[in-house]
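Notes for the structure review
Here is what each chain is made of, one letter per residue.
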Amino acid sequence: MTQPLIGVVMGSSSDWDTMQHAVQILQQFGIPHEARVVSAHRMPDDMFDYAQTAVGRGLQAIIAGAGGAAHLPGMIAAKTVVPVLGVPVQTRALSGVDSLHSIVQMPKGVPVATFAIGQAGAANAALFAVALLANHDAALRQKLEAFRAEQTAAARAMTLPPVETK
């Protein structure tokens, strides 16, 4: 296997329903990646090790899911210089707003990019990671441009039903 360029981490396997959308985008673009459960609360030593070894393992970005009031993205960002892209995982109790708040309230000096709650956020975090890599890879940039052109074409092809007037 090729060395992973992007890490995808989450606090528990229940976050996979959301985070798999990031992995699907990375696979679509052929980006070497890894996906792991690294809980800030249940496995803090593993989480710190993951963050502290990210540079040496060649990771270019880490997409970190936060479910509930979890602090995984911020804790990882505090222990690495690799860009961390935070994805709030939608929860039953507060619909992911608690997750969003746990990411966006990082103190000055602990930067975490924050994306939308849920599946859209996971997919967009992966697309952001692809864009970061595409800055130094012309072939990947072309794939990203083609992807965006396909999205635009699909949006233009959408038709709406006629509006009835009375």
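Structural data are supplied above this passage.
Everything quoted here is computed from the prediction, not taken from an experiment. (Residues numbered from 1 in each chain as written. Predicted model: local features only at pLDDT ≥ 70, side-chain atom pairs only at ≥ 80, totals over all residues. Heavy atoms only, no water.)

Observations concerning the side chain of His33
Tracing the backbone through its elements, the reader meets His33 in strand S2 (residues 33–37). In this structure the side chain of His33 is engaged in a polar contact, spanning 2.8 Å, whose partner is the backbone oxygen of Ile31. (Helix = DSSP H or I, 4+ residues; strand = E, 2+ residues; numbered from the N terminus. Polar contact = N/O pair within 3.5 Å; in protein donor to acceptor, adjacent residues only side chain to side chain.)

A look at the nonpolar core
Formed by 28 residues in total, the largest nonpolar core has its most connected members in Ile6, Leu26, Phe29, Ile31 and Ile63. Of all the elements in the fold, those that place two or more residues in this core are strand S1 (6–10), helix H1 (16–28), strand S3 (61–67), strand S4 (84–89), helix H5 (119–134) and helix H6 (138–157). Looking at this core element by element, the count peaks at 9 residues for H5. If near-sequence neighbours (up to four positions away) are discounted, Ile31 is found in contact with Ile6, Leu26, Val130, Leu133 and Leu140. Of all hydrophobic cores here, the second largest spans 19 residues; its members include Ala40, Ala54, Ala64 and Ile103. (Core = buried A, V, L, I, M, F, W, Y, C linked by side-chain atoms within 4.5 Å. Buried < 20%, exposed > 50% of the residue type's maximum accessible area, 1.4 Å probe, protein only. Contact = heavy atoms within 4.5 Å.)

So, the packing of aromatic side chains
How two aromatic rings sit relative to each other is given by the distance of their centres and the angle of their planes. As enumerated under the stated definition, the model contains 2 aromatic pairs in all. Arranged with centres 5.6 Å apart and planes meeting at 65 degrees, the rings of Phe115 and Phe128 form a pair that is edge-to-face. Of this pair, Phe115 sits in the loop between strand S5 (113–114) and H5 while Phe128 sits in helix H5, and the two are 13 residues apart along the sequence. (Phe/Tyr/Trp six-rings, centres within 6.5 Å; stacked < 30°, edge-to-face > 60°.)

Here we look at the packing of H5 against H6
Between H5 and H6, the shortest axis-to-axis distance is 8 Å and the interhelical angle comes to 140 degrees. Here H6 runs oblique to H5, going by the angle between their axes. Of the two possible hands of crossing, H5 and H6 adopt the one that is left-handed. Of H6, the residues touching H5 (which contributes Leu127, Val130, Ala131, Leu133 and Ala134) are Leu140, Arg141, Leu144 and Phe147. (Axes fitted to C-alpha atoms, helices over the stretch in contact; angles between N-to-C directions. Parallel < 35°, antiparallel > 145°, perpendicular 65-115°, else oblique. Left-handed = near helix turned anticlockwise from the far one by under 90°.)

Here we look at the environment of Leu132
Mapped onto the elements, Leu132 comes out in helix H5. The class of Leu132 is partly exposed, set by a relative accessible area of 31%. A sequence separation of 71 residues divides Leu132 from Ala61, and the C-alpha atoms of the two residues are 8.4 Å apart.

Note that all results are geometric; they support no functional claim without further evidence.
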